[in-house]
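Residue-level structure breakdown
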Amino acid sequence: MMPSDKSVSAAPVFQFTNCWILKNHKLQREDLWVREGQILNPEKLFFDEKRPADVQLDCKGSIIAPGFIDVQINGAFGVDFSVATDNVGAGISLVGQKILSYGVTSFCPTLVSSPSSVYHKVLPQICVKNGGLDGAGVLGVHLEGPFISKEKRGAHPVQCLRTFEEEAFQDLLATYGSLEGVRIVTLAPELKGSGKVIQELTERGIRVSLGHSMANLSQAEEAVQQGATFITHLFNAMLPFHHRDPGIVGLLTSDQIPPARQVFYGMISDGIHTNPAALRIAHRAHPKGLVLVTDAIAAMGLAPGRHTLGQQVVEMDGRNSYIAGTKILSGSTARMDTCVRHFKDATGCSVEMALEAASLHPAQLLGIEDRKGTLDYDSDADFLLLDDSLHVRATYIAGQQVWRHNAFVL
């Protein structure tokens, strides 16, 4: 029996053919069907509506993968998310538009440790929004600091760092001004009062990440038991692995993680922040938790020279960026597609694993894997067409082509 006309959409159905689809953790030779911004089940379409595709598109042997999700990006193309301006939204939009060519369809603008006045001015101007022709979607803000360790502050300015006052969570609220639109908070779990803060943030659906920290393993495990689920740029800005106390790194193989909880960890796979051997160790210890992040700064996409990272001046020298006058690394200038390719080459992992580390895993971290990070039926049609060497040929958001390489004609 055919459904009534009211239940059948008149919107065109697109069928992407001659492609390999990343589905159920494997590249599969089948077509991708899209309508009204969502992935369609072709069998259901046929049996319910007896309807063929309105438009067929030959993908010329491309790999189709979910769009990349960057949960730690401080800025790019001269835009620094940690600088208080009257038009933060314009900077967010510029970055969102430019990173489409790198395969990023959603991202979390990230603020480094800043004065409270900066949070109060910047955060109300960053709105969660869907992606489209004007740029990648904004999933919410990642607040990296200022409740972090002075000893492991990395490129964060020491004068901006804070410890929790007696009413820890109220202190955090007063510092940030608001938690509306915040998706991730990075903090050091060894700080007094952090336990209550982790619980309060988790109850609000905000992911807590451990980073810029001197925490030992037991402190890190306690933080996870309180609700933390992420590690900010593993190996960087934390105690180095030691066989008697592996510190935060030990969470990758800890037996003290609550049964229903998974720990994810960010990796900057730019060939600079993490030695390939360290990448391999992390990947082999806990492959399903690995989340590729760029940790890109305003200098990304620009020529070498002096740029900013929040309150600091940074110098870009080739692919390296340092706090001016030091050899302290200050974020990266890497693109997400470059990180994916380097991760695959450095670890020898499968194409599927490399792609999922930039799509499925960050979606799972944020709890949005029902609509992002997969090509499952009814999920958002945010996807990429890539060649066999994982260079992006075209980027789609909600089933609409938002970027295409000049040399690729669909």
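No experiment lies behind these values; they were computed from the predicted model shown. The numbering scheme is per chain: residues are counted from 1 as the chain's sequence reads. Selection of residues for local features in this predicted model requires a pLDDT of at least 70, selection of side-chain atom pairs for listing and counting requires 80 or more, and totals for whole chains, interfaces and linings are taken over all residues. To obtain the side-chain values, all non-hydrogen atoms of the structure were included, while hydrogens and water were left out.

**Quick look at the overall build of the protein**
A tally of regular secondary structure across the protein gives ten helices and 22 strands. Relative to its length of 410 residues, the protein is compact, with a C-alpha radius of gyration of 21 Å against a globular reference of 22 Å. Relative accessibility decides the category of a residue: with a 1.4 Å probe and only protein chains considered, values under 20% of the type maximum give buried, values over 50% give exposed, and everything between is partly exposed. Across the 410 residues that make up the protein, the buried fraction comes to 57%. Nonlocal contacts in the protein, meaning residues at least 24 apart in sequence, comprise 69% of its contacts between residues at least 6 apart. Accessible area for the protein stands at about 16,900 Å²; split by element, carbon and sulfur atoms hold 50% of it. Counted as positive: Lys and Arg. Counted as negative: Asp and Glu, with His and the chain ends omitted from the count. Charge positions come from single atoms, namely NZ of Lys, CZ of Arg, CG of Asp or CD of Glu. Charged side chains of the protein number 36 positive and 43 negative; the gap between the two group centres comes to 3 Å. Helix and strand assignments come from DSSP, with helices taken as H or I runs of at least 4 residues and strands as E runs of at least 2, each series counted from the N terminus. When we talk radius of gyration, it's over C-alpha atoms, and the globule rule is simply 2.2 Å times the number of residues to the 0.38. Only heavy atoms enter the contact rule, under which two residues are in contact if any of them lie within 4.5 Å. Per-residue and other accessible areas follow the Shrake-Rupley method at a 1.4 Å probe size, with only the shown protein chains counted as cover for residues.

**Some details on the pattern of salt bridges**
Throughout this description, the term salt bridge denotes a Lys or Arg side-chain nitrogen within 4 Å of a carboxyl oxygen of Asp or Glu. Considering all chains together, one arrives at 14 salt bridges under this definition. Of the charged contacts in the structure, one is a salt bridge between D48 and K44, with a shortest N-O distance of 2.9 Å. Pair noted here: D48 and K44 are both in helix α1 (residues 42–49), with a separation of four residues, about one helical turn. Residue D48 is classed as partly exposed on the basis of its relative accessible area, which comes to 29%. Measuring nitrogen to oxygen at the nearest pair gives 3.5 Å for the salt bridge that ties E200 to K196. Of this pair, E200 and K196 both sit in helix α5 (residues 194–203), four residues apart, which is roughly one turn of that helix. For K196, a relative accessible area of 48% corresponds to the partly exposed category. One salt-bridge network, held together by shared partners, links R35, E49, R51 and D54.

**Considering the packing of aromatic side chains**
When the centres of two rings from Phe, Tyr and Trp lie within 6.5 Å, Trp using its six-membered ring, the rings pair. Their planes under 30 degrees apart give stacked, over 60 give edge-to-face, and anything left gives tilted. In total, this model carries nine aromatic pairs according to the counting rule given. Aromatic rings pair up to connect Y119, F147, F164 and Y176 into one cluster. When the ring centre of F77 is taken as reference, the NZ or CZ atom of K98 above it lies at 5.5 Å. Charge-over-ring placement is defined geometrically: NZ (Lys) or CZ (Arg) within 6 Å of the ring centre, and within 35 degrees of the ring normal. Between the NZ or CZ atom of K327 and the centre of the ring of Y322, over which it lies, the distance is 4.5 Å.

**Regarding empty space enclosed by the protein**
In the cavity and pocket records, a cavity denotes points on a 1 Å grid over the protein atoms alone where a 1.4 Å probe fits but cannot get out, a pocket denotes an open set with protein on both sides within 12 Å along at least 5 of 7 lines, and lining residues are residues with an atom within 4 Å of a point. Grid points are joined across faces, edges and corners, and a volume is the space filled by probe spheres set on the points. Using the criterion set out here, one finds three cavities of 30 Å³ or more in the structure. The calculated volume of the largest cavity comes to roughly 50 Å³. I21, K23, E30, D31, L32, W33, I39, L40, P42, L375 and Y377 are the residues that line the largest cavity. Elements with a minimum of two residues in the lining of the largest cavity: β1 (14–23) and β3 (32–35).

**A look at unusual backbone geometry**
P146 follows G145 through a cis peptide bond whose omega is 10°. Among the structural elements, P146 can be located in the loop between β11 (141–144) and α4 (168–176). In this model, K50 sits at a positive phi of 50°, which is unusual for a non-glycine residue. Mapped onto the fold, K50 is located in the loop between α1 and β5 (55–66). A positive phi is found at A398, a non-glycine position, where the angle reads about 50°. With respect to the helices and strands, A398 occurs in the loop between β21 (392–397) and β22 (400–404). A residue is classified by how much of its surface remains accessible, and A398, at 41% relative accessible area, is partly exposed.

**Remarks on the sheet that holds strand β18 (residues 312–317)**
The pairing criterion is simple: DSSP has to find at least two bridges between the two strands. In space, the three strands of this open sheet follow the order β17-β18-β19, with antiparallel pairing throughout. One side of each edge strand has no neighbouring strand; the edge strands of this open sheet are β17 (305–309) and β19 (320–323). Adjacent strand axes in the sheet meet at a mean angle of 35°, parallel and antiparallel pairs treated alike. With five bridges joining them, β17 and β18 adopt antiparallel strand pairing. Within the sheet, the bridge partner assigned to T308 lies in β18 and is V313. Note on geometry: axes are lines fitted to C-alpha atoms, helical ones only across the stretch in contact, with angles between N-to-C directions running from 0 to 180 degrees.

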